[in-house]
Every structure is written in structure tokens, then in C-alpha cells.
Amino acid sequence: MKKVPGILLFAFTAVFLVFAPNEAKSADLFSNSFSSVTRFGMDSGLFKARSSISFDITMRGGDRLSAFASLDVALASPETNAGWPSIAVSPVLKSIGLSAKDLFSKDIEATWFIGGMDRFGDGKIFVSRFGKLPFASEFLSPASAVPATAKNYDALYEIAGTGARFMFGQSNQRWSTLLYAYQDAYSGAGYYGADIRYVYSSDSFDLDAFAGGSFAPTAPNGVYRIGTMLHLSGQTTELLIMAGIPRWDSSTAFDTSLFQALIEPRLHLGVFNAAFSFLYKPAWQGGAPTGEAGKADFGLRLSFGKLYTDMSEAGVDIRYAAPSMTALLTPSALYVAPFWTSLSRGARWDFRFLVKILPVSASFADMLLPSIGFSASL
């Protein structure tokens, strides 16, 4: 792993010395998340491996006042790098900011940020803020991605730009309200966004709802977004719903292609689990057109074991992609993937043996797409 460039370390240190002189000694440099996926398959008659590696590096310090910076480092197919075993690494600064807790009162936290910030609907705030076990959809996880679901639909919207976030409510409470005001990176310089977000968590009910818009003098009608994620859990059943409109430019016509939706009922009977997933893809996501508006993906996941309690889960994933809601019986892709997932000391391993049934491959070897994934996060 390459070291963080010296200029960035110097910049981080300067922030702490200026803003948190009494707490600079508690500053820590660590990786917030790390993931790697190696996929195997035929290419030009050869069975090849292709890997993607990504991780971020964060520097935090202090208790009530802390600066943070997040670097995103991505390596694509290092096996084919001409300079191997030395790989040129160019970290990308994903976000940087300063947070102050207990501002004016113990219930308020203020953050000034530059770059990417929170992602609405991905479920991670319930893990980090309320200490719940992860319940995000495996159907949308990067480790489970296949060509039919290669784009990232595991959240409804991500804050990106330059501005401030105010969070109300303590972490030991069941709720938090978050307010955002920022220059919107998706819409461009001169467009300013404002969003309100409310999250609530209990033993059997989790809610993440938001609404917002971005405006500029040259576009007085504005660009809007709205959505909600709902998670219900019982003794033997779960239901995850994520629905919203990631982007609507009010100067254009409103139609159903703007919607993004995930509906995922789950059943747990002892060690047996079953989950059915339906994903409706939107015209926009991440501030850019998806090219998949109105397409639908279906998934059926059958497994044994509970990953976050038994530390292991094995089963089969079936994925079915349709070109539109009016052509559900003419699939554009069909995949079957036996898998085994294991947790060990905070690390997650994903072993998958994906078989591509549709589109029809030229040979049997072209149908086989095994992969090995590894991830670790705090």
C-alpha cells in the first residue's frame, strides 16, 4: 500500500494544529473502508483475472472538534499493469471537513464539508449512529454486482458539494434530524442546494426520509429530489423498501422514468433465509443519466446461515433483468450464482461462482464468471 502523499499529511496536520490545538495528539490516520473484487472469465481465448481495489484513508482527531479527510484510492486490474509489481497510485480527495459536536447544546453537531458527504437510503447511518446490525440489500451490494446490475443503486441520493450539515439529536436517542445547505456539485457552480433528512430507529422499525432541491438565478424552477427508505423486521420476516426520485428538473416533464424503487421482502426460518428483490431503475442517479430508465431487475436469494450472527452464509443468487416493465417475459439477462460469504475479525469474504445463462455465450467457458471479494470496514 502506498503512503499518503506528504503534502496531504502536512495539510491534515495543519488543520488539527489550527482548529484543535488541545487535542492534536489524539489525531489518528486510518482506513475507513477497504474492498477488493477479483473476477475471472474468458477474454480472447484466455482465462483471465481482473481485479478492482478501492479504499479510503481518513484522518480524525479530538472529541468535540475534529477535522477529517477521506481519500478514495482505486486500482483497476493491477494484474495487467505494465509496471507491475509497482503500481502507480493517484489518490482522489473524496471529502474534507471540520465537525464540531455539542455546538450551542449537547444535541447539535455542525459539519463544514467539501466534496462527498452523506448517502441517503443506504442504511449505513443506522449502523454507525444507532449501533444496529447491517440490513442493506445484498442484491445491491458491490460484491454481488453483475453486468445486469453494474451501476450503483444502493442509495437514493448522495450529498456532494461545498457547504454545511447540522445534525440534531444524540446518538443514544432513537432519532436524528439533519439539515444540509451547500453549493450543489451535481448541478454546478452557482446552484445551491438545501435538504432536510429525518432518521428514526427502533428494534423493529427504521426510517430514513429526505427532501430537497437545488436552485440558481438562471434556473428559478429548480431541481428537486425526495425519497424514503423503510425497514421493518419481525421474528421471521423483514421488509426493505427504498423509493424516491433522485432528480427532477422541473423545467422538464415529470414521468415515471424518474422513479427509483427497491422492494425486498425477506423470510427467516431458523437458519434458512429467502429474499425476493425488485429494482426499478431511474433516469438519473449520482447527478448523471443512467441510461437504464424504466428497466427492471429481479432477484431471488436462498441461503443458509445468518452472516452477522453465525459469521457465515451460503446459498444461491438468481438474477433476472428485463428491458422494461412492459417486457418482463423477454429477459435481457439471467444469472445464477452459488455463493459463500464469511466474516472473520471484521473482514468479509465473498466467494461466488456466477453462471451467465442469458445472453447466450459463445462457449461454455464464457458462461462461467467466478469471483472472490474481500472487504473490511469500521
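From a predicted model like this one, the values you see are computed outputs, not experimental measurements.

A.B. asks: Describe in detail the side chain of D118, supporting the description with residues and values.
C.D. replies: Position of D118 among the secondary structure elements: in strand β5 (residues 108-120). Within polar-contact distance, the side chain of D118 engages the side chain of Y180 at 2.6 Å. Ignoring anything within four residues of it in the chain, the contact list for D118 reads Y157, E158, I159, R165, L178, Y180 and R197.

A.B. asks: Describe the pattern of salt bridges, with residues and values.
C.D. replies: Inspection of every chain in the model, using the stated rule, returns 18 salt bridges. In this structure, R197 engages D118 in a salt bridge whose closest nitrogen and oxygen atoms are separated by 3.9 Å. Residue R197 is found in strand β8 (residues 192-201), and its partner D118 is found in strand β5; the two are separated by 79 residues along the sequence. The burial state of R197 is the same as that of D118; both residues are buried. In this structure, E313 engages R301 in a salt bridge whose closest nitrogen and oxygen atoms are separated by 3.8 Å. A residue pair is termed long-range when its members are at least 10 positions apart, and E313 in strand β17 (residues 312-322) and R301 in strand β16 (residues 296-304) qualify at 12 residues. Look at the salt bridges and you will find they share partners, linking E109, D118, R165, R197 and D208 into a network.

A.B. asks: How would you sum up the side chain of T290? Please name residues and give values.
C.D. replies: Its location among the elements puts T290 in the loop between β15 (288-289) and β16. Reaching out from T290, the side chain makes a polar contact with the backbone nitrogen of E292 at a distance of 3.1 Å.

A.B. asks: Break down a nonpolar patch on the surface for me, with residues and values.
C.D. replies: Nonpolar side chains collect at one region of the surface, where W340, W349, F351 and I372 lie side by side and expose about 350 Å² of accessible area between them. Exposure remark for W340: the relative accessible area of 40% places this residue in the partly exposed category.

A.B. asks: Please give an account of the pairing of strand β9 (residues 205-216) that cites residues and values.
C.D. replies: Both faces of the sheet carry side chains from a regular strand, because those side chains alternate between them. Where β8 lies against β9, 10 bridges are found, and the strand directions are antiparallel. Looking across to β9, one finds that Y200 is bridged to L207. Linking two consecutive strands that pair antiparallel, namely β8 and β9, is a turn of three residues.

Each value, and the rule that gives it
- Residues numbered from 1 in each chain as written.
- Predicted model: local features only at pLDDT ≥ 70, side-chain atom pairs only at ≥ 80, totals over all residues.
- Heavy atoms only, no water.
- Helix = DSSP H or I, 4+ residues; strand = E, 2+ residues; numbered from the N terminus.
- Polar contact = N/O pair within 3.5 Å; in protein donor to acceptor, adjacent residues only side chain to side chain.
- Contact = heavy atoms within 4.5 Å.
- Salt bridge = Lys/Arg side-chain N within 4 Å of Asp/Glu carboxyl O.
- Buried < 20%, exposed > 50% of the residue type's maximum accessible area, 1.4 Å probe, protein only.
- Patch = residues over 30% accessible without salt bridge, like charges linked within 9 Å, V, L, I, M, F, W, Y side chains within 5 Å.
- Areas by Shrake-Rupley, 256 points an atom, 1.4 Å probe, with all protein chains shown as cover.
- Pairing = 2+ DSSP bridges.

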